[in-house]
Amino acid sequence: VQLVESGGGLVQPGGSLRLSCAASGFTFSAYGMSWYRRPPGKERALVANITSAGGSTNYADSVKGRFTISRDNAKNTVYLQMNSLKPEDTAVYYCRAKLSGIDYWGQGTQVTVSS
């Protein structure tokens, strides 16, 4: 199992970024996927998740209405569209797959929101 995040960077408050997570080594279309983040000095926390076919999504209260999780099963990729970014969104963002009770994580991508 391999998960590779990309798309992070430095953005001004109010800006947007789209994160991608390319998955391999398992049947991507059969599993739900999640995005988590770890702000500086804090624990990693759930941002959003999506079911295997993409028909259902769930978001942390802090990102509802600003972030959108989506997936393209033909490309084995899950996305996180982040709009109206705030300084408190600064974190390392990770995608996660849970297969047979085992968590798999990518290496993370840094998002910094600052003027």
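What counts, and at which threshold
Residues numbered from 1 in each chain as written. Predicted model: local features only at pLDDT ≥ 70, side-chain atom pairs only at ≥ 80, totals over all residues. Heavy atoms only, no water. Core = buried A, V, L, I, M, F, W, Y, C linked by side-chain atoms within 4.5 Å. Buried < 20%, exposed > 50% of the residue type's maximum accessible area, 1.4 Å probe, protein only. Helix = DSSP H or I, 4+ residues; strand = E, 2+ residues; numbered from the N terminus. Disulfide = S-S within 2.5 Å. Salt bridge = Lys/Arg side-chain N within 4 Å of Asp/Glu carboxyl O. Polar contact = N/O pair within 3.5 Å; in protein donor to acceptor, adjacent residues only side chain to side chain. Contact = heavy atoms within 4.5 Å.

(A) Representation of the nonpolar core in the model. In terms of nonpolar packing, the biggest core is built from 28 residues, with Trp-35, Val-78, Leu-80, Met-82 and Tyr-93 touching the most fellow members. Mapped by element, the contributors of at least two residues to this core are β3 (17-24), β4 (33-38), β5 (45-50), β7 (67-72), β8 (77-82), β9 (91-99) and β11 (109-113). The greatest single-element share of this core, amounting to 5 residues, is contributed by β9.

(B) Local environment of the state of the cysteines. Going through the model one piece at a time under the given rule, you end up with 1 disulfide. Note that Cys-21 is cross-linked by a disulfide to Cys-95, the S-S spacing being 1.9 Å. Disulfide Cys-21-Cys-95: torsion about the S-S bond near 45°, hence right-handed. Highlighted residues: Cys-21 in strand β3 and Cys-95 in strand β9, separated in sequence by 74 residues. The exposure class of Cys-21 is buried, given its relative accessible area of 0%.

(C) Representation of the pattern of salt bridges within the structure. Tallying each qualifying case throughout the model produces 4 salt bridges. In this structure, Arg-96 engages Asp-103 in a salt bridge whose closest nitrogen and oxygen atoms are separated by 3.4 Å. Residue Arg-96 is classed as buried on the basis of its relative accessible area, which comes to 16%. When salt bridges that share partners are traced, they join Arg-37, Arg-66 and Asp-89 into one network.

(D) Inspection of the side chain of Thr-77 at higher detail. Inspection of the secondary structure puts Thr-77 in strand β8. At 2.8 Å, the side chain of Thr-77 and the backbone oxygen of Lys-75 are in polar contact. Residues contacting Thr-77, with those up to four places away along its chain left out, are Ser-20, Cys-21, Ala-22, Phe-28, Arg-71 and Asp-72.

(E) Representation of the environment of Val-113. Its place among the elements puts Val-113 in strand β11. Along the primary structure Val-113 and Asn-73 are separated by 40 residues, whereas in three dimensions their C-alpha atoms are 30 Å apart. Discounting residues that sit within four places of it in the chain, Val-113 has contacts with Val-11, Gln-12, Pro-13, Leu-85, Lys-86, Pro-87, Asp-89 and Thr-90.

(F) Spotlight on unusual backbone geometry. Positioned with a positive phi, Asn-76 is a non-glycine residue whose angle comes to about 55°. Relative to the helices and strands, Asn-76 is located in the loop between β7 and β8. Exposure remark for Asn-76: the relative accessible area of 27% places this residue in the partly exposed category.

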